[in-house]
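Secondary and tertiary structure notes
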Amino acid sequence: MKIILYSKLGCHLCEGLEEKLKAITDIELDIEIRDISTNNQWWEMYQYEIPVLFLSTTEGEKLIPRPSPRISVVQLTKILRNCVQNK
């Protein structure tokens with residue numbers, strides 16, 4: 001499963017979500033991190049929204065609702081599984 005995480009350096013919410021994604025062992029994840037400070041379009045779209053997650057599918061990118069910063073790895077795994085099933 002390919003996940004795209006829009007973030008920026010120094011964002012503690014982004015870093016926390018990235019750590020939780022990397023801690024998931026039940027699903028094989030390919031995590032692409034896109035630093036919004038490197039692309040003006042990403043900056044305009046997400047500067048007030050990060051972290052932003054997308055599931056990359058053959059039909060395009062599907063937004064994953066932002067999880068709470070307090071979400072557990074188990075809960076995040078369930079959300080990702082549901083996103084794949086409902087794509």
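This report concerns the structure included in the present document. (Residues numbered from 1 in each chain as written. Predicted model: local features only at pLDDT ≥ 70, side-chain atom pairs only at ≥ 80, totals over all residues. Heavy atoms only, no water.)

**Quick look at the sheet that holds strand E1 (residues 2-7)**
One open sheet holds the four strands; their spatial order is E2-E1-E3-E4, and the pairing between them is mixed. Every interior strand has two partners, whereas the edge strands, strand E2 (30-35) and strand E4 (60-64), have only one. Here the strands of the sheet are splayed against their neighbours by 30° on average, with no regard to which way each runs. Note: E1 against strand E3 (residues 52-57), five bridges, orientation antiparallel. Directly across from Leu 5, in E3, lies its bridge partner Leu 53. Lying over the sheet, helix H1 (residues 12-23) contacts E1, E2 and E3, oriented at roughly 165° with respect to E1. (Pairing = 2+ DSSP bridges. Helix = DSSP H or I, 4+ residues; strand = E, 2+ residues; numbered from the N terminus. Axes fitted to C-alpha atoms, helices over the stretch in contact; angles between N-to-C directions. Contact = heavy atoms within 4.5 Å.)

**Remarks on the side chain of Lys 20**
By the secondary structure assignment, Lys 20 is in helix H1. Of the side chains bearing the opposite charge, Glu 19 lies closest to the buried Lys 20, which forms no salt bridge; the N-O distance is 7.9 Å. At a separation of 2.6 Å, a polar atom in the side chain of Lys 20 contacts the main-chain carbonyl oxygen of Pro 69. When sequence neighbours within four positions are dropped, the list of residues in contact with Lys 20 reads Pro 69, Arg 70, Ile 71, Val 73 and Leu 76. (Buried < 20%, exposed > 50% of the residue type's maximum accessible area, 1.4 Å probe, protein only. Lys, Arg positive; Asp, Glu negative; His and termini not counted. Salt bridge = Lys/Arg side-chain N within 4 Å of Asp/Glu carboxyl O. Polar contact = N/O pair within 3.5 Å; in protein donor to acceptor, adjacent residues only side chain to side chain.)

**What about the environment of Thr 38?**
When you line up the elements, Thr 38 lands in the loop between E2 and helix H2 (40-46). Of the residues examined, Thr 38 reaches a relative accessible area of 60% and is grouped as exposed. Between the C-alpha atom of Thr 38 and that of Lys 8, which follows or precedes it by 30 residues, the distance is 8.8 Å. Within the local environment of Thr 38, its side chain forms a polar contact with the backbone oxygen of Asp 35, the two atoms lying 2.7 Å apart.

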